[in-house]
Amino acid sequence: MKIVVAIAFILIIGSLGSALFYMMRDKGRSNRTVHALALRVGLSVALFALILLGYKLGWIAPTGLR
């Protein structure tokens, strides 16, 4: 589960970086920035849902404060 979450974070950061790249390069003339940001939002929602599902199925257990 840790590997899946780490890969999802890398994909989210990569999508954010590509949106920045498209924003600087296209200067607002194309929709690539919007598509990259929409992908980032979709990945974030999917990661949140995966974490909730993992908790519900017992793949993730709360450890509390130590």
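See the structure shown above.
All values reported here derive from a predicted model rather than from experimental measurement.

### Considering the overall build of the protein chain
Thinking step 1. Scanning the protein chain from terminus to terminus reveals 2 helices and 0 strands.
Thinking step 2. Its C-alpha atoms give the protein chain a radius of gyration of 16 Å, clearly above 11 Å, the size a compact globule of 66 residues would have.
Thinking step 3. Going through the 66 residues of the protein chain one by one, you find that 15% of them count as buried.
Thinking step 4. On the protein chain, roughly 5,400 Å² of surface is accessible, and the fraction owed to carbon and sulfur atoms is 73%.

### With respect to a nonpolar patch on the surface
Thinking step 1. Where nonpolar side chains cluster on the molecular surface, the patch consists of Met1, Val4, Leu53, Leu57 and Trp59 and spans about 490 Å² of accessible area.
Thinking step 2. On the secondary structure map, Trp59 appears in the segment after helix 2 (32–57).
Thinking step 3. Judged by relative accessible area, Trp59 falls into the exposed class, the value being 53%.

### With respect to the side chain of Ser15
Thinking step 1. Its place among the elements puts Ser15 in helix 1 (residues 2–26).
Thinking step 2. Ser15 gets classed as buried once you look at its relative accessible area, which sits at 5%.
Thinking step 3. Excluding anything up to four places from it in sequence, Ser15 contacts Ala36, Leu39 and Arg40.

### Section: the environment of Val41
Thinking step 1. With respect to the helices and strands, Val41 occurs in helix 2.
Thinking step 2. Spatially, the C-alpha atoms of Val41 and Gly54 are 20 Å apart, while their sequence positions differ by 13 residues.

### What about the environment of Lys2?
Thinking step 1. Looking at the secondary structure, you find Lys2 in helix 1.
Thinking step 2. Residue class for Lys2 comes out exposed when judged on its relative accessible area of 75%.
Thinking step 3. Each C-alpha atom of the pair Lys2 and Ile60 lies 9.5 Å from the other, and the pair is 58 residues apart in sequence.

### Overview of the environment of Met1
Thinking step 1. Along the chain, Met1 falls in the segment before helix 1.
Thinking step 2. Assessed through its relative accessible area of 33%, Met1 is described here as partly exposed.
Thinking step 3. Taking the C-alpha atoms as reference points, Met1 and Trp59, 58 residues apart in sequence, are found 7.4 Å from one another.

The rules behind each value
Residues numbered from 1 in each chain as written. Predicted model: local features only at pLDDT ≥ 70, side-chain atom pairs only at ≥ 80, totals over all residues. Heavy atoms only, no water. Helix = DSSP H or I, 4+ residues; strand = E, 2+ residues; numbered from the N terminus. Rg over C-alpha atoms; globule rule 2.2 N^0.38 Å. Buried < 20%, exposed > 50% of the residue type's maximum accessible area, 1.4 Å probe, protein only. Areas by Shrake-Rupley, 256 points an atom, 1.4 Å probe, with all protein chains shown as cover. Patch = residues over 30% accessible without salt bridge, like charges linked within 9 Å, V, L, I, M, F, W, Y side chains within 5 Å. Salt bridge = Lys/Arg side-chain N within 4 Å of Asp/Glu carboxyl O. Contact = heavy atoms within 4.5 Å.

So yeah, pure geometry; function would need other evidence.
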